[in-house]
Amino acid sequence: MSAQATRSVGFISLGCPKATVDSERILSSLRADGYSISPNYDKADVVIVNTCGFIDEAITESLDAIGEALTENGKVIVTGCLGAKSSLIRDKFPAVIAVTGPQETDEVMSAIRSNFPIAENPHVDLIPRHDVRLTPRHYAYLKISEGCNHKCTFCIIPSMRGKLVSRPIGSILEEARVLVKSGVRELLVISQDTSAFGVDQKYRTDFWNGKPIKTRLLELSTELGKLGAWVRLHYVYPYPNVDDLIPLMSDGVILPYLDIPFQHASHRILKLMKRPANSENVLNRINTWRSICPDIAIRSTFIVGFPGETETEFQELLDFLTEANLDRVGCFEYSAVEGATANHLQEMNVPDEVKSDRKARLMQHQHKISSQRLREKIGTTQTVLIDEMCAENVAIGRTQYDAPEIDGRVIIRNAPQLASGDIVKTIITDSDDHDLFANA
Ligand code: SF4
């Protein structure tokens, strides 16, 4: 194809925050090369679909998106987690131009450059590079590593994203500094396995601000906490080193918030999942964390209906939730993902209706716990980061105990004119099942 002065690229970004960061990198590279981004199919020369391949539902959504882009535009490049299964995509959609895997920005860019070249423009190089972000201006995802060294039997992420590779700590801190300087008030630290940060580098010493610094989560969190923005840790695997972070939370260096997927509470099921398998120990640790940082908010996710899960083991999980008194909980029904090692347990599969019933019971059980934890905030003064202003003097924000998009909100009535990113103090007057309410 001959080079043109300008070309436009459509972009569909699916999946988790880690995939969102990949999308931001590709969009930034496209912009830096001089491509424009098209908001619709018909004006685009080509459409890039960044896919997710985590569970069946996500695979279906990704395949539907590729199909739609092919029908509406005809020229499609596929990337992302599902791209790791290129034969699946090629068999179903032979017309796609290229298929690349997760975090393969360079491969996507070479497919774009060779199939849709733009004429060299000496002025493009003079334009300062602006990174594209898909989040609102006041918060940003900070990806600290790629891949994962674990072998959880229900998960195929390590086969799609590879082994753990931590980014140099100096470059993460520099990125964070630039983000905060540009107006970001909240940094959301993400990866597949945040607590493993630096393990692959043997905690090697890097440099930042002219000083040596070890590639380790404790050091990273401490330095991030000095930048003046909220720092929230996501996807923290329950390693012992998590304990070291709790004093940073009680000292206000990072937010008192842990997103820590426990997945189950039954010893036997956790062993089948190849996850840390001592729920008594987990409960003791949660109690210790709360004794150091009483207001810590803990968010976790669980899988119900894992092959062989008995009613007694499910009940153990409910008992654990009662004891653990977690703030927020997500629950997935187990679904077999092609290539996962748990598939060899198929003969022990839990029937679909039992899985759905258990999920509903778990959520109902947790619902009472989460609502009670929210009720306990009534009458307290909370610091709230404003996300948006709605009509009629209503501001929507979040406390430090709530992450954007997955947790709850604070709805402030009779609010003065506030802007996204403003931080205000407000007294909580009411709560419902999910959100808090305040009057300005
Ligand atoms: S920790 Fe387990 S669930 Fe998480 S990405 Fe690694 S293998 Fe998958």
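My aim in this report is to walk through the structure given alongside it, one point at a time. Since we're looking at a predicted model, the values are computed, not measured.

## A closer look at the sheet that holds strand E3 (residues 46-51)
Here is step 1 of the chain: Strand order in this open sheet of 5 strands is E2-E1-E3-E4-E5, and the pairing throughout is parallel. What marks the edges here is a single partner per strand, and that holds for strand E2 (36-38) and strand E5 (98-99).
Here is step 2 of the chain: Relative to strand E4 (residues 76-80), E3 is paired through 5 bridges, and the arrangement is parallel. Bridge assignment links Val49 to a residue of E4, and that residue is Val78.
Here is step 3 of the chain: Each of strand E1 (8-13), E2, E3 and E4 is contacted by helix H1 (residues 17-33), which is oriented at about 175 degrees to E1, the strand it contacts most.
Here is step 4 of the chain: In the packing of helix H2 (residues 56-72) onto the sheet, contacts are made with E1, E3 and E4, and the angle to E3 comes to roughly 180 degrees.

## Some details on the packing of aromatic side chains
Here is step 1 of the chain: Under the defined criterion, the tally for this structure stands at 4 aromatic pairs.
Here is step 2 of the chain: Pairing Phe262 with Phe320 gives two aromatic rings, centres 6.0 Å apart and planes at 75 degrees, and the pair type is edge-to-face. Residue Phe262 is found in the loop between strand E13 (257-259) and helix H9 (267-273), and its partner Phe320 is found in helix H11 (residues 311-324); the two are separated by 58 residues along the sequence.
Here is step 3 of the chain: Taking 6.2 Å as the distance between ring centres and 65 degrees as the angle between the ring planes, the aromatic pair formed by Phe302 and Phe320 counts as edge-to-face.

## Here's the deal with the packing of H11 against helix H12 (residues 352-375)
Here is step 1 of the chain: Contact geometry of H11 with H12 gives a least axis separation of 10 Å together with a crossing angle of 15 degrees. It follows that H11 is roughly parallel to H12 by the angle criterion. Two packed elements cross with a definite hand, and for H11 against H12 that hand is right-handed. Across the interface between the two elements, Glu311, Phe314, Gln315, Leu317, Leu318, Leu321 and Thr322 of H11 pack against Arg358, Arg361, Leu362, His365, Gln366 and Ile369 of H12.
Here is step 2 of the chain: For the contact of H11 with H12, the class distribution of residues is 6 nonpolar, 4 polar and 3 charged.

## A word on the site of the ligand
Here is step 1 of the chain: Around the ligand, the structure places Cys148, His150, Cys152, Phe154, Cys155, Ile157, Pro158, Gln192, Tyr237 and Arg275.
Here is step 2 of the chain: Taken together, the residues that form the shell around the ligand break down as 7 nonpolar, 2 polar and 1 charged.

## Things to note about the pattern of salt bridges
Here is step 1 of the chain: For the coordinates displayed, the defined rule picks out 25 salt bridges.
Here is step 2 of the chain: Of the charged contacts in the structure, one is a salt bridge between Glu311 and Arg358, with a shortest N-O distance of 3.7 Å. Residue Glu311 is located in helix H11, and its partner Arg358 is located in helix H12; the two are separated by 47 residues in the primary sequence.
Here is step 3 of the chain: Between Arg409 and Asp435 there is a salt bridge, with the nearest N and O atoms lying 3.4 Å from each other. Remark: Asp435 occurs in the loop between strand E19 (423-431) and strand E20 (436-439) and Arg409 occurs in the loop between strand E17 (394-398) and strand E18 (410-413); sequence separation between them is 26 residues.
Here is step 4 of the chain: Its relative accessible area of 38% is what places Arg409 among the partly exposed residues.

## Re unusual backbone geometry
Here is step 1 of the chain: At Asn209, a residue that is not glycine, the phi angle is positive and equals roughly 60 degrees.
Here is step 2 of the chain: Its place among the elements puts Asn209 in the loop between strand E10 (205-208) and strand E11 (211-214).
Here is step 3 of the chain: At Lys274, a position not held by glycine, the phi torsion is positive, near 60 degrees.
Here is step 4 of the chain: By relative accessible area, Lys274 is classed as exposed at 54%.

## Looking at the sheet that holds E18
Here is step 1 of the chain: If you walk around this closed barrel you meet the 5 strands as E16-E17-E18-E20-E19, and the pairing is mixed. Strand after strand, the sheet turns through a mean of 50 degrees between neighbouring axes, direction not considered.
Here is step 2 of the chain: Strand direction decides the pairing type here: E17 and E18, joined by 3 bridges, are antiparallel. Bridge assignment links Ala395 to a residue of E18, and that residue is Ile412.

## A few points about the side chain of Asp22
Here is step 1 of the chain: Looking at the secondary structure, you find Asp22 in helix H1.
Here is step 2 of the chain: By relative accessible area, Asp22 is classed as buried at 3%.
Here is step 3 of the chain: Looking at Asp22, its side chain comes within polar contact range of the side chain of Lys143, at 2.7 Å.
Here is step 4 of the chain: With near-sequence residues (within four places) excluded, Asp22 lies in contact with Asn50, Pro102, Gln103, Lys143, Glu146 and Arg161.

## Some remarks on a negative patch on the surface
Here is step 1 of the chain: Together, Asp42, Asp56, Glu57, Glu61, Asp64, Glu68, Glu72 and Glu333 line one region of the surface with negative charge.
Here is step 2 of the chain: A per-element tally of the negative patch places H2 first, with 6 residues.

## Comments concerning the pairing of strand E15 (residues 328-333)
Here is step 1 of the chain: Across 6 bridges, the pairing between strand E14 (residues 297-304) and E15 is parallel. The partner of Val304 across the bridge, within E15, is Glu333.
Here is step 2 of the chain: In this fold, E14 hands off to H11, which returns the chain to E15; that crossover is right-handed.

## Considering H12
Here is step 1 of the chain: With 24 residues, H12 should reach 34 Å at 1.5 Å per residue; the first-to-last C-alpha distance of 34 Å fits that figure.
Here is step 2 of the chain: Turning to H12, its buried residues are Lys355, Arg358, Leu362, Gln366, Ile369, Ser370, Ser371, Arg373 and Leu374.
Here is step 3 of the chain: Contacts made by the buried residues of H12 are with helix H10 (279-292), E14, H11, E15, E19 and E20.

Reading the values: rules and limits
- Residues numbered from 1 in each chain as written.
- Predicted model: local features only at pLDDT ≥ 70, side-chain atom pairs only at ≥ 80, totals over all residues.
- Heavy atoms only, no water.
- Pairing = 2+ DSSP bridges.
- Helix = DSSP H or I, 4+ residues; strand = E, 2+ residues; numbered from the N terminus.
- Contact = heavy atoms within 4.5 Å.
- Axes fitted to C-alpha atoms, helices over the stretch in contact; angles between N-to-C directions.
- Phe/Tyr/Trp six-rings, centres within 6.5 Å; stacked < 30°, edge-to-face > 60°.
- Parallel < 35°, antiparallel > 145°, perpendicular 65-115°, else oblique.
- Left-handed = near helix turned anticlockwise from the far one by under 90°.
- Nonpolar A, V, L, I, M, F, W, Y, C, P; charged D, E, K, R; others polar.
- Near = heavy atom within 4 Å.
- Salt bridge = Lys/Arg side-chain N within 4 Å of Asp/Glu carboxyl O.
- Buried < 20%, exposed > 50% of the residue type's maximum accessible area, 1.4 Å probe, protein only.
- Polar contact = N/O pair within 3.5 Å; in protein donor to acceptor, adjacent residues only side chain to side chain.
- Patch = residues over 30% accessible without salt bridge, like charges linked within 9 Å, V, L, I, M, F, W, Y side chains within 5 Å.
- Areas by Shrake-Rupley, 256 points an atom, 1.4 Å probe, with all protein chains shown as cover.
- Lys, Arg positive; Asp, Glu negative; His and termini not counted.
- Charge placed at Lys NZ, Arg CZ, Asp CG, Glu CD.
- Right-handed = clockwise from strand over helix to strand, strands pointing away.
- Expected span 1.5 Å × (residues − 1).

Purely spatial values, then, with no claim about function.
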